[in-house]
Amino acid sequence: PEEEGDMLTKERLEGLYRELRDRSVLSVYIDGGQSDPANRNAWRVRLNKALADERRRVEAEAGDDVGAFDAARDAIAAELGKYDAFLPAEGWAGYATSEALHHGEEVPVPMPDLVRWERGLRAAPYVRALKQERVVVAALADQRKARLFTYRAGELSEREDLIADLDFGDLTDATSSKRADTQAGYSGYRGETGTDAAQRLIEQSAARLQARLVGIVSDLAGRDGLVVFGGSPAVVSALAKEAATGALGGRIAERPSLHLHMSEAEVKEAVEAAASELSRGLQDALLKQVIDAARSGGKGALGIQAVTEALREGRVDTLLVTRALREREGDLVDRFVGTAFEQGAEVEEISGAAAERLDAEGEGAGARLRYTT
């Protein structure tokens, strides 16, 4: 079985989907977003009712499966037994067969209340949680010092282990020594004063700091991570310009209002806001690309029928669905997502204005394609 407790990455979810695709699986999702003490056990009441309803359905449609269903239900119940009242997160997701609990975890985003016993696990509701696994790298810097953070699945960590060589400290001694080496206030460079030499040393140190910082940030962000630069305006601009020349283009937020002396709580709030804005921008750009391509006969599909055909032909590179479509056509979206996983395609549940546009213009479904027919 999978390790319980850690959020699934896309790769782990795909692997679990493939592992269980030919087996009967109990998929359970719980909305845990309650704060009223009077309703602290409301999620458990809803869950018990949903489990009872699903058991009656199984008994009516496939009576021989009841024993296996009961075993899977008991595995889910045992994992949830550690929660006395409130769930400590926005949601919970778990998958069990008659033999074992294969995964169970707290999820930092709201989940729908859903209980389903069927062939293969129900993956579609989990897609919206996958973006929480996308790392956000935040770097706050001025000419002499940097602080580095990573944010993932609702947790912020300051990466002091990676910035030991990103702090040039007080350059007073170095610049004083440089001036002391000059005669009559001049450096060894023709026409350069001691003050000019000191400033040149500071600028060279800052350039090394910035180059090193961009390299570390790029490594941490990887293929799809987001980046937030904060600190002195000139440094933020320089960092963003250098980073944008590489693979980070389009995934960078400049926030010169952030500063080196912010508390971790302040950094977390700012990073969450910047990441949300970046994600919306990326979704808007992706949807525009899909719509434009679909309408011009290019590598785009728009609408349920077109997406169904593209998935059947193995042409989907990135599947787009909306929450409204998933809630309205849960079985359909789960087939879409499962087929996309089988083909190694990316899957995005888009939100906000982009979702509204896709609902209006594409019935809640679209796809970027690998090739056209």
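Every chain is numbered independently, its residues counted from 1 as its sequence is written. The predicted origin of the model limits local features to residues at a pLDDT of at least 70 and limits the giving and counting of side-chain atom pairs to 80 or more, whereas totals for whole chains, interfaces and linings rest on all residues. Calculated side-chain values reflect all of the structure's heavy atoms, with hydrogen atoms and water omitted.

Caption draft 1: Geometry of the sheet that holds strand β8 (residues 226-231). Strands pair, by our definition, only if DSSP identifies at least two bridges between them. The helix count covers DSSP runs of H or I at least four residues long, the strand count covers runs of E at least two residues long, and both are numbered beginning at the N terminus. Sheet architecture is open: five strands sit in the order β7-β6-β5-β8-β9, paired in mixed fashion. Because the sheet does not close on itself, it has two edges, and the strands there are β7 (155-158) and β9 (252-255). Averaged over neighbouring strand pairs, the angle between their axes works out to 20° when direction is ignored. Only heavy atoms matter for contacts: two residues are in contact if any of them lie within 4.5 Å across the pair. All axes are obtained by fitting lines to C-alpha atoms, using only the stretch in contact for helices, and the reported angles, taken between N-to-C directions, cover 0 to 180 degrees. Contacting β5 (136-141), β6 (146-152), β7, β8 and β9, helix α8 (residues 264-295) crosses the sheet at an angle of about 130° to β8.

Caption draft 2: How the structure looks around the packing of aromatic side chains. Pairing of aromatic rings covers Phe, Tyr and the six-membered ring of Trp, with a centre-to-centre limit of 6.5 Å; geometry is then stacked below 30 degrees between planes, edge-to-face above 60, and tilted otherwise. In this structure the tally under the stated criterion is three aromatic pairs. Each ring, one from tyrosine 29 and one from tyrosine 95, has its centre 5.9 Å from the other, and the planes form 75°; the classification is edge-to-face. Here tyrosine 95 lies in strand β2 (residues 91-96) and tyrosine 29 lies in strand β1 (residues 24-31), a separation of 66 residues in the sequence. Summarising the burial analysis for this pair, tyrosine 29 and tyrosine 95 share the class buried. An angle of 85° between the planes, with centres 5.8 Å apart, marks the rings of phenylalanine 69 and tryptophan 117 as edge-to-face. Highlighted residues: phenylalanine 69 in helix α3 (residues 66-80) and tryptophan 117 in strand β4 (residues 114-119), separated in sequence by 48 residues. The residues phenylalanine 69 and tryptophan 117 share a single accessibility class, namely buried. The cut-offs for exposure are 20% and 50% of the maximum accessible area for each residue type, with area from a 1.4 Å probe on protein chains only; residues under the lower value are buried, those over the upper are exposed, and the others partly exposed.

Caption draft 3: View of the nonpolar core. Among the nonpolar cores identified, the biggest contains 39 residues, and Leu13, Tyr95, Leu121, Tyr126, Leu319 and Val337 are the most heavily contacted of them. Put simply, the parts of the chain that give this core at least two residues each are α1 (10-20), β1, β2, α4 (127-130), α9 (304-312), β11 (316-322), α11 (330-342) and β13 (365-369). Tallying contributions element by element places α11 first for this core, with six residues. Ala139, Ala141, Phe229 and Leu248 belong to the second largest nonpolar core, which has 21 residues in total. Buried residues of nine kinds, namely Ala, Val, Leu, Ile, Met, Phe, Trp, Tyr and Cys, make up a nonpolar core once their side-chain atoms join them within 4.5 Å.

Caption draft 4: Just helix α12 (residues 352-362), in detail. Within α12, burial applies to Ala354, Ala355, Leu358 and Gly362. Buried positions in α12, seen along its axis, are confined to an arc of 100° and lie on one side of it. In α12, the exposed positions that point more than 90 degrees away from the buried face belong to Ala353, Glu356 and Ala360. Where α12 is buried, its residues meet α8, β10 (300-302), α9, β11, β12 (346-350) and β13. One or two steps after α12, the chain reaches glutamate 363, where phi turns positive at roughly 60°. By construction, the arc corresponds to the directions joining the helix axis to the C-beta atoms.

Caption draft 5: The environment of valine 333, seen in detail. Residue placement: valine 333 occurs in helix α11. Separated by 11 residues in sequence, valine 333 and threonine 322 have C-alpha atoms that sit 9.3 Å apart.

Caption draft 6: Highlighting unusual backbone geometry. Of note, the phi angle at alanine 153 is positive, near 50°, even though the residue is not glycine. As for its position among the elements, alanine 153 is in the loop between β6 and β7. Taking relative accessible area as the criterion, alanine 153 reaches 21% and is therefore assigned partly exposed. Its identity is not glycine, yet glutamate 363 carries a phi of approximately 60°, on the positive side. Turning to its location among the elements, glutamate 363 is positioned in the loop between α12 and β13. For glutamate 363, a relative accessible area of 43% translates into the label partly exposed.

Caption draft 7: Local environment of the pairing of β13. A large share of β13 lies buried, amounting to four of its five residues. As judged from the three bridges shared by β10 and β13, these two strands associate in the antiparallel manner. Paired with glycine 300 across the two strands is arginine 368, which belongs to β13. Relative to β13, β11 is paired through five bridges, and the arrangement is antiparallel. When the sheet's bridge partners are listed, leucine 320 is paired in β13 with glycine 366.

Caption draft 8: Local environment of the packing of α1 against α11. Contact geometry of α1 with α11 gives a least axis separation of 10 Å together with a crossing angle of 100°. Regarding the angle of α1 to α11, the classification is roughly perpendicular. Contacts between α1 and α11 involve Leu13, Glu14, Tyr17 and Arg18 from the former and Gly338, Phe341 and Glu342 from the latter. Amino acid classes used here: Ala, Val, Leu, Ile, Met, Phe, Trp, Tyr, Cys and Pro are nonpolar; Asp, Glu, Lys and Arg are charged; the rest, including Gly, are polar. Looking at the contact of α1 with α11 residue by residue, the class counts come to three nonpolar, one polar and three charged. In these notes the angle categories are as follows: under 35 degrees is roughly parallel, over 145 is roughly antiparallel, 65 to 115 is roughly perpendicular, and the rest is oblique.

Caption draft 9: Looking closely at the sheet that holds β10. Reading across from one edge, β10-β13-β11-β12 is the order of the four strands in this open sheet, with mixed pairing throughout. Every other strand in the sheet has two partners, leaving β10 and β12 as the edge strands with one partner each. Within this sheet the neighbouring strands show an average axis-to-axis angle of 15°, counted without direction. Strand contacts of α11: β11, β12 and β13, with the helix running at about 155° to β11, the strand carrying the most contacts.

Caption draft 10: Seen up close, the side chain of threonine 318. Tracing the backbone shows threonine 318 in strand β11. Nitrogen and oxygen atoms within 3.5 Å of one another constitute a polar contact, given that in protein one can donate a hydrogen and the other can accept it, and given that sequence-neighbouring residues count only through two side-chain atoms. Separated by 2.9 Å, the side chains of threonine 318 and aspartate 317 make a polar contact. Dropping the residues within four chain positions of it, threonine 318 is found in contact with Leu286, Glu346, Glu348, Gly366, Ala367 and Arg368.

These results come straight from atomic positions and should not be treated as a statement about function.
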